[in-house]
Amino acid sequence: METLEQILSRLKAQPSMGSPQERLAWCDQALNLIPSEERLELRARLHVEAALCLVPRASLASVGQIRKALDRYERALQVYRPETSLKQWAQARFNMARLYEHLSDPEAQEQAIHGHTEIVRAQSRALPASVWARSHTTLARLYFYRAEGDRRENIEQGITHAERALGLWDSQTQPLEWAETQDLLGLLFRERGSENPIQDLEDSLACHQAALSALRAIKQCPPTHWARVKHNLGTAWIDQPRGRRAENLSNAVACLETALKIRTPEQVPQDWADTQYMLVVALNAQAGADTVASVPRARCLAQELIAFYNSQASPDDWARCQRALGDAYMRSMEGERGENVERAIER
């Protein structure tokens, strides 16, 4: 039988050695050799290692795996305290909060908010600014999608955290993180619903434009980030109240078309559907503002979406696309006016 020192030596000497399952077994073997009230720091480290082995990638983990990893972090946090082990505590707390984000129930999302809030409250020079920035950005996103509480208050909390994160991220050395947060702030402004909605929409557009400028400076920008910002910028142009309506909508169509070059139905079907729907909305609006030349294309794209949502069994999205198709028929000058109206009513 191996000694504790031999197991620890193997875990430490070769961090990439063994599969996650094997390393998990080594952690448990080591824990079984340590009395429960002795070498508490070592036990905490082993529980953190075990959690990482249980969930190497949270997006691919089952609910059961995530729950087991959360239990390991809970055990580690019985030892790690911000007063005595700040770095270890913050990393374990952050990892734990991120795992809660991958559980869909509202209670788990509240736990994620609680975890990241604890981190930003424990600001210390012993931690790099990126730790707080990451939690502030995550809190902004969590408040944007939060199901609990008052929607307006959640949006204001999200804006506060996004702005704090932007004061911590360095746009020159951390352009991707800065752009992600700037893009998120744009979404929050669009949902703000303050007493000055026009200013909110202008602020939203400016944030998405700033995010895009930051991404342009990255030599190897991840295509998914580029497509997401282009999608959000295109949507912002649709809603933009100032300027020439026709020009705003042309900008929207151009942005959404660029996003669709990356968001394909084969690679990311739901993202593709979201962007294609917004393109239909932009084309329909363009027809109302300037010319009906975009209507046939809007009809074609809407029909593609209806076929997609038929196969996905998504009745709400299917109905939304049917309404968009009806809108396109109402704007159409092709064929008989009465026939187009009848088709629109059928939607």
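All of these numbers come straight from a predicted model, not from anything done at the bench.

A. Summary view of the overall build of the protein. A tally of regular secondary structure across the protein gives 16 helices and 0 strands. Projecting the C-alpha coordinates of the protein onto the three principal axes gives extents of approximately 85 × 40 × 40 Å. Residues counted as buried form 46% of the 347 residues belonging to the protein. Carbon and sulfur atoms make up 48% of the accessible area of the protein, which amounts to about 18300 Å² in all.

B. Quick look at the packing of helix α6 (residues 106-121) against helix α7 (residues 129-145). It is the contact of α6 with α7, at a shortest axis distance of 9 Å, that shows an interaxial angle of 150°. By the angle between their axes, α6 is roughly antiparallel relative to α7. Relative to α7, the crossing made by α6 is left-handed. Together, Q109, A112, I113, H116, T117, I119 and V120 of α6 and V131, W132, S135, H136, T138, L139, L142 and Y143 of α7 make up the contact between the two elements. Residues belonging to the contact of α6 with α7 are distributed by class as follows: 9 nonpolar, 6 polar and no charged.

C. Focus on the nonpolar core. Formed by 58 residues in total, the largest nonpolar core has its most connected members in L185, L188, I238, L279, V280 and L305. The element that contributes the greatest number of residues to this core is helix α13 (residues 269-289), accounting for 10 residues. One finds L46, A50, V55 and A90 within the second-largest nonpolar core, a separate group that totals 49 residues.

D. Structural detail: the packing of α7 against helix α8 (residues 151-166). The geometry of α7 relative to α8 is characterised by a closest axis approach of 8 Å and an angle of 160° between their N-to-C directions. Between α7 and α8, the interaxial angle falls into the category roughly antiparallel. For the pair α7 and α8, the crossing hand works out as left-handed. Facing A133, H136, T137, L139, A140, Y143, F144 and Y145 of α7, the residues of α8 in contact are R151, N154, I155, Q157, G158, H161, A162, R164 and A165. Considering only residue class, the contact of α7 with α8 consists of 9 nonpolar, 6 polar and 2 charged.

E. Main features of the packing of aromatic side chains. Applying the stated criterion across every chain yields a total of 3 aromatic pairs. For the ring pair F144 and Y145, a centre distance of 4.8 Å and an interplane angle of 85° mean the geometry is edge-to-face. Given a relative accessible area of 59%, Y145 falls into the exposed group. Each ring, one from W272 and one from F308, has its centre 5.4 Å from the other, and the planes form 80°; the classification is edge-to-face. Taken together, the positions of W272 in helix α13 and F308 in helix α14 (residues 295-312) put the pair 36 residues apart, joining distant regions of the chain. Assessed through its relative accessible area of 9%, W272 is described here as buried. Judged by its relative accessible area of 12%, F308 falls in the buried class.

Quick notes on the rules
Residues numbered from 1 in each chain as written. Predicted model: local features only at pLDDT ≥ 70, side-chain atom pairs only at ≥ 80, totals over all residues. Heavy atoms only, no water. Helix = DSSP H or I, 4+ residues; strand = E, 2+ residues; numbered from the N terminus. Buried < 20%, exposed > 50% of the residue type's maximum accessible area, 1.4 Å probe, protein only. Areas by Shrake-Rupley, 256 points an atom, 1.4 Å probe, with all protein chains shown as cover. Axes fitted to C-alpha atoms, helices over the stretch in contact; angles between N-to-C directions. Parallel < 35°, antiparallel > 145°, perpendicular 65-115°, else oblique. Left-handed = near helix turned anticlockwise from the far one by under 90°. Contact = heavy atoms within 4.5 Å. Nonpolar A, V, L, I, M, F, W, Y, C, P; charged D, E, K, R; others polar. Core = buried A, V, L, I, M, F, W, Y, C linked by side-chain atoms within 4.5 Å. Phe/Tyr/Trp six-rings, centres within 6.5 Å; stacked < 30°, edge-to-face > 60°.

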